[in-house]
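The chain contents come next:
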Amino acid sequence: MKKILALILALVMLFALAACGQQPAAQEPTEVPAEQPAEQPAEQPAEEEPTPDTITVMVPPVSGTYQDDIDTWIAEFKELYPHLDVEVIKTSWDDHNGKLSTMANAGEAPDIAEVSYSAIGTYVELGVAVDIAQYMDPERLADYDQNALDYMSIENTVYGLPLYITIQALGANKDMLEAAGADVAKIQSEGWTYEEFLEVIKNGTTDDCFGFVFANSGVTASDFLNIFGVAAGLNNAFTDDLKYAYTSENMLKLLEAVEEMTKSGYMPNYGIEAGQRMVMCQQGKAMIFGKAMPLFENNINKNNAALEANDGTAVENSIPVNYAFLPVPTMEGAEASCFGSVDGLIALRNNKTTDEHLKNVCLFLDYISSGERIAAVDQTLLLEPVCQTGRDAYVSPEGLDEGNVASAARCIGLVVAPPAGVTAEQSASAKTIMDEVIVPKFQALLAGEATAQEVYDAVCTAATEAFGADGLCVHRDVVQVGRDAEEYQHGEKLPRFADEAEGHEGSRIEQGREEQHPVASEAADQIAGQGHRRHLPHGDGEQD
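Quick caveat, the model's predicted, so the values are computed rather than measured.

About the criteria used
Residues numbered from 1 in each chain as written. Predicted model: local features only at pLDDT ≥ 70, side-chain atom pairs only at ≥ 80, totals over all residues. Heavy atoms only, no water. Buried < 20%, exposed > 50% of the residue type's maximum accessible area, 1.4 Å probe, protein only. Helix = DSSP H or I, 4+ residues; strand = E, 2+ residues; numbered from the N terminus. Pairing = 2+ DSSP bridges. Salt bridge = Lys/Arg side-chain N within 4 Å of Asp/Glu carboxyl O. Core = buried A, V, L, I, M, F, W, Y, C linked by side-chain atoms within 4.5 Å. Contact = heavy atoms within 4.5 Å. Patch = residues over 30% accessible without salt bridge, like charges linked within 9 Å, V, L, I, M, F, W, Y side chains within 5 Å. Areas by Shrake-Rupley, 256 points an atom, 1.4 Å probe, with all protein chains shown as cover. Lys, Arg positive; Asp, Glu negative; His and termini not counted. Charge placed at Lys NZ, Arg CZ, Asp CG, Glu CD. Axes fitted to C-alpha atoms, helices over the stretch in contact; angles between N-to-C directions. Parallel < 35°, antiparallel > 145°, perpendicular 65-115°, else oblique. Left-handed = near helix turned anticlockwise from the far one by under 90°. Nonpolar A, V, L, I, M, F, W, Y, C, P; charged D, E, K, R; others polar. Phe/Tyr/Trp six-rings, centres within 6.5 Å; stacked < 30°, edge-to-face > 60°. Lys NZ or Arg CZ within 6 Å of the ring centre and 35° of its normal.

Caption draft 1: Region of interest: the pairing of strand 3 (residues 112-116). With four of its five residues buried, strand 3 lies for the most part within the structure. Strand direction decides the pairing type here: strand 1 (residues 53-59) and strand 3, joined by two bridges, are parallel. Within the sheet, the bridge partner assigned to Val57 lies in strand 3 and is Ile112.

Shown next, in the form of structure tokens:
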């Protein structure tokens, strides 16, 4: 019995365990992870505020409104670059170059200055000119025409940005010209000779009016040589073979022309300030004036309108003028030419310059030399912009005299570009001769205190010291004198003097040449002596 009960209990327990095994196992509670904060982005460093900087720019009145317009452009630039300030030094044309030179030599040059391309070499030689390609965006530099950039470059280094390529010649009162016998239309379309020019200014000279005036007071005397010098074939300070050109016979011819015009009373025997030459024409005190540009038609027309309106804004004592833009005349033996120049803005170093500062300088330099700014300048000057952004913004003026437009177009085609290969040292030396010799001596020539020959001799002396005798362009006859001297030093008899040997006529010919060009003859003799010394290395060739 006990065995049966034990068996029954065992079975009951077995079934109970089986039933329990069929129930789902109780799930352990899942631990809910604590809520994690959202992932924060990595902390960014705070942007540095641009360092404040001040840029100085020195400019003359490039156009009639330029010195006012630049204030507007500076304000607009400030909106784009709030951390940059720009200060302007406003000069006149008469004092600009002298003031800039003084500041640069003192280590206090402005960051940006207006210069003519011919002056760049001086600042390169001084060590203050800046290679702007190192600090400008290449894409921005590519906006400017290469031929214009070439003028602003020395030895393939770009020192500034061009504002314009301009032509400079003569302006006149057309009615006075015709009264003096000039065929204005023919002159504008074909040019004229110096003899024709001289006859016209002779006829146009009266007790109250000069036939011809030119801005030649002080440093502006260099303008006369550069602009009117093309009449004598003096297109540049250096020839294509890089000889200094102002020691040639052409220079003497030009100086003799000035001497003739002043002594005859056709031209003032005193310097004329730059701001007075057109005023004299407007007042009826001068028939022809220089330097002149096509843009002066606008100035003359505005003054005519002011006279008609009688609003008190016209030039004092001025008269209505019908403006004519004329080419410079051409002397015998020279080819018709026109002075063309590139004026621009260059970057300069001073005692406080840093590389970061120069980046800011070039930023503003580019801003005022491009786009709407330069389009406005060139429109006022009646010139075509020399950068693409300027051309895109340019609007051609209307209502211009057709004869003046045709004359300007002809003159542009006569411009002779400066020779390639002129070094900074040559350029600087040429400017030194211009400033220290030609300019003061020219004033003496005007006043009758020096002759054309004396001025020429002084130039030859200075040029020989600067460039050496073999660096000069001299008159063909003068060069021959030097060759003759070399041949005589070798004991050779000159064939062309063979028939005249007994009378020593050859010596008299040489003497005449030397009397005509004494200093240049000395330079030619140095050439001959140098050539001879190459054969006599012990110095025997120096014994004359």
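Structure's up, so let's keep going.
Caption draft 2: Expanded view of the pattern of salt bridges. Under the definition given, this model contains nine salt bridges. A salt bridge links Lys78 to Asp85; the nearest nitrogen and oxygen atoms lie 2.5 Å apart. Between Lys359 and Glu356 there is a salt bridge, with its nearest N and O atoms 3.9 Å apart. Of the two residues, Lys359 and Glu356 both sit in helix 14 (residues 355-368), three residues apart, roughly one turn of that helix. For Lys359, a relative accessible area of 43% translates into the label partly exposed. Given a relative accessible area of 51%, Glu356 falls into the exposed group. Several salt bridges share partner residues, and in doing so they unite Arg140, Asp143 and Asp366 into one network.

Caption draft 3: How the structure looks around the nonpolar core. Within the largest apolar cluster, 126 residues are counted, with the highest numbers of intra-cluster contacts made by Phe212, Phe228 and Tyr244. With residues up to four places along the chain from it excluded, the contact list for Phe228 reads Leu170, Phe197, Phe212, Phe214, Asp223, Leu254, Met261, Val328 and Pro329. Counting residues in hydrophobic clusters, the runner-up holds 22 residues, among them Ala109, Val115, Tyr117 and Ile154.

Caption draft 4: How the structure looks around the environment of Ile288. As for its position among the elements, Ile288 is in strand 8 (residues 286-292). Linking Ile288 and Ile201, residues 87 residues apart in sequence, is a C-alpha distance of 7.7 Å.

Caption draft 5: Examining a negative patch on the surface more closely. A cluster of acidic side chains, namely Asp175, Glu178, Asp183 and Glu190, defines a negative patch on the protein surface. One can find Asp175 in helix 7 (residues 174-179). The class for Asp175 is partly exposed, based on a relative accessible area of 46%.

Caption draft 6: Representation of the packing of helix 2 (residues 66-80) against helix 14. The geometry of helix 2 relative to helix 14 is characterised by a closest axis approach of 11 Å and an angle of 125° between their N-to-C directions. On the basis of their axis angle, the class for helix 2 and helix 14 is oblique. You can see that helix 2 and helix 14 cross each other, and the crossing is right-handed. Of helix 14, the residues touching helix 2 (which contributes Tyr66, Trp73, Ile74, Glu76, Phe77 and Leu80) are Leu363, Phe364, Tyr367 and Ile368. Counted by class, the contact of helix 2 with helix 14 contains nine nonpolar, no polar and one charged residues.

Caption draft 7: Examining the packing of aromatic side chains more closely. On inspection of all chains with the given rule, the structure shows 21 aromatic pairs. The interplanar angle of 35° and the centroid separation of 6.1 Å between the aromatic rings of Tyr194 and Phe197 together place this pair among those described as tilted. With Tyr194 and Phe197 both in helix 9 (residues 194-204), this residue pair falls three residues apart, about one helical turn. Taking relative accessible area as the criterion, Tyr194 reaches 7% and is therefore assigned buried. Both rings, one in Phe238 and one in Tyr244, keep their centres 5.9 Å apart while their planes meet at 70°; by these two values the pair is edge-to-face. Accessibility assignment for this pair places Phe238 and Tyr244 in one class, buried. Among the aromatic residues, those joined into a cluster by ring pairs are Trp192, Tyr194, Phe197, Phe212, Phe214, Phe224, Phe228 and Phe442. One cation-aromatic arrangement involves Lys291 over Trp93; the distance from NZ or CZ to the ring centre is 5.9 Å.

Caption draft 8: How the structure looks around unusual backbone geometry. A cis amide bond links Gly290 with the next residue in sequence, Lys291, at an omega value of 0°. On the secondary structure map, Lys291 appears in strand 8. Positive phi outside glycine occurs at Glu155, with the angle close to 50°. Positionally, Glu155 belongs in the loop between strand 4 (153-154) and strand 5 (157-158). One non-glycine residue with positive phi stands out, namely Asn310, at about 50°. Structurally, Asn310 can be placed in the loop between helix 13 (296-309) and strand 9 (323-326).

Caption draft 9: Just the environment of Ser217, in detail. One can find Ser217 in the loop between strand 7 (210-214) and helix 10 (221-227). Considering only alpha carbons, one finds Ser217 and Val439, 222 residues apart in sequence, at a separation of 8.7 Å. Not counting residues within four places of it along the chain, the set of residues in contact with Ser217 comprises Gly271, Ile272, Glu273 and Gln443.

Caption draft 10: Broad picture of the packing of helix 9 against helix 11 (residues 249-263). Put simply, helix 9 and helix 11 touch, their axes get as near as 12 Å, and they point 15° apart. For the element pair helix 9 / helix 11, the angle class is roughly parallel. For the pair helix 9 and helix 11, the crossing hand works out as right-handed. Contact residues: helix 9 offers Tyr194, Phe197, Leu198 and Ile201, while helix 11 offers Ala257, Glu260 and Met261. Residues of the contact of helix 9 with helix 11, tallied by class, amount to six nonpolar, no polar and one charged.

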